[in-house]
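So you can see what is in the structure, the chains are spelled out below.
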Number of protein chains: 2
Amino acid sequence: MKLSLRGEYALRALVVLGLNYGEEVLPIQVISERQNIPKRFLEQILNDLKTLGIVESKRGVSGGYRLRLPPEEVTLAAVIRHLEGPLAPVGCVSEKFYTPCTCPDESKCGIRSIMKEVREAIVKILEQVTVAQLCDRVKHLQGTNQAVSDYII
Amino acid sequence: MKLSLRGEYALRALVVLGLNYGEEVLPIQVISERQNIPKRFLEQILNDLKTLGIVESKRGVSGGYRLRLPPEEVTLAAVIRHLEGPLAPVGCVSEKFYTPCTCPDESKCGIRSIMKEVREAIVKILEQVTVAQLCDRVKHLQGTNQAVSDYII
DNA sequence: ACTTAACTTGATAAACTCTATCGAGTTTTG
DNA sequence: CAAAACTCGATAGAGTTTATCAAGTTAAGT
């Protein structure tokens, strides 16, 4: 599982939306500036997340985007799978995007058996972590640093 | 960590060489046929593994390749890192191939903190599994299937 | 109604990576 | 000295990634 910029931007945008959950809609402009993401590209990505049903938008003057689901219900696995495809390191061990490989016999392939373990390890984390938890981490990390700054002053 | 064909071929070739460890050198032709790998491409890959010091070659009429190190000493992590680059899902959590990301503050980035965990999970497996273990799995898988076939007959 | 900020959709283009293939050369064995 | 095999560097075609643009649609506020 290699996360491209596209996927990374998506997660970063979702954190912003997650932290804003329950409030009014956020314009793309704001998300873009807050996370340093090219606006046009972000537009495309948010659109994609809308198709997936994670995000919803409001048009017009004070329009923008917001989460459609509670942050607790959005797993990183779902987002990444939709945007990037398989989480597995090779196609022949993917559950959702299986593709056969060219080895003589998959059932006797030692590499496949190891890669299955790698896949499990990755999936176990990403299927369990939600946007809500991401937001919590951010809050915690910010809190920590804030405190440190306070001490320094 | 996404394994490209290049990396997959490398591992498959190493299994063949591992199973042959202690014996004479194996010609590319044989490895290529046994694992269904385009010969010219394999050539390039084995060369690369030679540079890394994992494999050695013998030229001439009855030449070929063999492992230079005992299979127990070759970890998948080393091979993949050399051929494919970072194991980490994003550059900003890679130990060996760190690259900064564009987020406003890495130290407060929730995604980074999750991706670190993913990286750890991957590395833990791949740094610990060796070519020798891959070969053992293959032997075991073949043995199992053999037995099953016997029962069927 | 009309202006304006913002979303929507689809096209496209530059850069890069991946997968392979080729050719010409060098080495070694028998 | 011929044959088999490795060596090295170039390169090409396909596909992916990362954007950017233009033209259109929507809806809020006046």
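Residues numbered from 1 in each chain as written. Chains lettered and ligands numbered in written order. Predicted model: local features only at pLDDT ≥ 70, side-chain atom pairs only at ≥ 80, totals over all residues. Heavy atoms only, no water.

Engineer: Got a minute to help me understand the environment of R34 of chain B in this structure?
Structural biologist: For R34 of chain B, the location among the structural elements is in helix α2 (residues 28-35). Residue classification places R34 of chain B among the partly exposed residues on the basis of a relative accessible area of 47%. Spatially, the C-alpha atom of R34 of chain B lies 8.1 Å from that of V16 of chain B, the residues being 18 residues apart in sequence. The residues contacting R34 of chain B, other than those within four sequence positions of it, are P104 of chain A together with V16 and L26 of chain B. (Helix = DSSP H or I, 4+ residues; strand = E, 2+ residues; numbered from the N terminus. Buried < 20%, exposed > 50% of the residue type's maximum accessible area, 1.4 Å probe, protein only. Contact = heavy atoms within 4.5 Å.)

Engineer: Any chance you could explain the protein's contact with DNA strand C here in plain terms?
Structural biologist: Near DNA strand C, the surroundings consist of 23 residues, among which E43, K50, R59 and Y65 of chain A together with R59 of chain B are the closest. Protein-proximal atoms of DNA strand C, defined as those within 4 Å of the protein, fall in sugar or phosphate at a share of 61%. Interatomic distance of 2.9 Å between a backbone N/O atom of L5 of chain B and a phosphate oxygen of DNA strand C. One of the side-chain N or O atoms of R59 of chain B is found 2.5 Å from a sugar or linking oxygen in DNA strand C. Elements with a minimum of two residues in the surface near DNA strand C: α3 (39-52), β1 (55-58) and β2 (64-67) of chain A together with α1 (5-19) and α3 (39-52) of chain B. (Near = heavy atom within 4 Å. Polar contact = N/O pair within 3.5 Å; in protein donor to acceptor, adjacent residues only side chain to side chain.)

Engineer: Mind showing me how you'd approach the protein's contact with DNA strand D here?
Structural biologist: Close contacts around DNA strand D come from 26 residues, with L5 and R59 of chain A together with K50, R59 and Y65 of chain B the closest. Considering DNA strand D, the proportion of its atoms within 4 Å of the protein that are sugar or phosphate atoms stands at 63%. Where the surface near DNA strand D is concerned, the elements lending two or more residues are α1 (5-19) and α3 of chain A together with α3, β1 (55-58) and β2 (64-67) of chain B. Residue contributions to the surface near DNA strand D peak at four residues, all from α3 of chain B.

Engineer: Sorry if this is basic, but what is going on with the pairing of β1 of chain B here?
Structural biologist: Walk down a regular strand and you will see the side chains alternate between the two sheet faces. All names here are of chain B. Inspection of the sheet shows β1 paired to β2 by four bridges, in the antiparallel sense. Across the sheet, the residue bridging to S57 is Y65, located in β2. Between β1 and the antiparallel strand that follows it, β2, lie five residues; G60 among them carries a positive phi value of about 90°. (Pairing = 2+ DSSP bridges.)

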